[in-house]
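Secondary and tertiary structure notes
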Amino acid sequence: MKSMCRTLSLALACLLSGTSQAATVVDLLFQGVANAQVLTVADRQAIAALLPMAVGPAGLVDRECKQPSNPVVTVRDMNRDGRAEVIVVEGNGCIYGMMGKVVHALASDGQGRWRAIMTADGDAFDERPARPGVWPEIMPAVPGFCYPVYGYADAQQKYILKGRVPDPKVPNACKDF
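From a predicted model like this one, the values you see are computed outputs, not experimental measurements.

Here's the deal with the confidence of the model for the chain
Averaged over every residue, the pLDDT of the chain is 86; residues scoring 70 or more account for 88%. Every residue in residues 1–20 scores below 50 in pLDDT, and together they form three contacts with partners more than four places removed in sequence or on other chains.

Quick notes on the pattern of salt bridges
Taken as a whole and assessed by the stated rule, the structure comprises five salt bridges. A salt bridge links arginine 128 to glutamate 137, with the shortest nitrogen-to-oxygen separation between them at 2.8 Å. For glutamate 137, a relative accessible area of 17% gives the class buried. The structure contains a network of salt bridges with shared partners spanning Arg128, Glu137 and Lys162.

A short note on the packing of aromatic side chains
Counted by the stated rule, this structure contains three aromatic pairs. For the ring pair tryptophan 135 and tyrosine 152, a centre distance of 4.8 Å and an interplane angle of 20° mean the geometry is stacked. In this pair, tryptophan 135 is assigned in the loop between strand S7 (125–128) and strand S8 (137–140) and tyrosine 152 in strand S9 (residues 146–153), connecting sequence segments 17 residues apart. With centroids separated by 6.1 Å and ring planes inclined at 85°, the aromatic side chains of tryptophan 135 and tyrosine 159 adopt a geometry described as edge-to-face. Placement of tryptophan 135 in the loop between S7 and S8 and of tyrosine 159 in strand S10 (residues 158–166) is noted, with a sequence separation of 24 residues between them. What makes tryptophan 135 buried here is its relative accessible area of 15%. Directly above the aromatic system of phenylalanine 30 lies the positively charged group of arginine 44, at a separation of 5.7 Å from the ring centroid.

Re the state of the cysteines
Counted according to the given criterion, the structure contains two disulfides. Residue pairing for cysteine 146: its cysteine sulfur links by disulfide to cysteine 174, the two sulfurs lying 2.1 Å apart. Sign of the S-S torsion, about 125° for the bond between cysteine 146 and cysteine 174, identifies this disulfide as right-handed. In this pair, cysteine 146 is assigned in strand S9 and cysteine 174 in the segment after S10, connecting sequence segments 28 residues apart. Assigned by exposure class, cysteine 146 and cysteine 174 land together as buried. Listing the disulfide partners of the chain by sequence rank of the bonded cysteines yields 1-2, 3-4.

What counts and how
Residues numbered from 1 in each chain as written. Predicted model: local features only at pLDDT ≥ 70, side-chain atom pairs only at ≥ 80, totals over all residues. Heavy atoms only, no water. pLDDT = per-residue confidence, 0-100. Contact = heavy atoms within 4.5 Å. Salt bridge = Lys/Arg side-chain N within 4 Å of Asp/Glu carboxyl O. Buried < 20%, exposed > 50% of the residue type's maximum accessible area, 1.4 Å probe, protein only. Phe/Tyr/Trp six-rings, centres within 6.5 Å; stacked < 30°, edge-to-face > 60°. Helix = DSSP H or I, 4+ residues; strand = E, 2+ residues; numbered from the N terminus. Lys NZ or Arg CZ within 6 Å of the ring centre and 35° of its normal. Disulfide = S-S within 2.5 Å.

Next up, the structure:
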């Protein structure tokens, strides 16, 4: 009984002193994410390091304003080359303005080095299909009537703004861009 009381006392003391192991950005970012098991621990750590997030009192927050970031993470092979990419939609109005959300697309070189291949406003995105081994064109979901289209630039190894597409109901919406 004495041993059990001492163990409980130590556990309570650790909790009160803050020395218990706290959740990390990696833990919170990939918690419950489908297909996350295809990423190594080193992959997850590298991905988390590329994102502007920190652990806050109630979950992940942005590093600047310390407001909830509410990330949604998807792990999938965007260009069908056999390696998973990671898409993270996160943010808040403090750092991303009225849209409040941004899409990060992250890719690996296959040797454990990760890089951001796109960061764009939006709370989701559509893709134009491409053949295997070719990156699809991406159209972030943004408000308005003129939608950006991003294409992968091999020379820069990232997505760049390729053009804009007007809403079919407002064909002249992109005229001044």
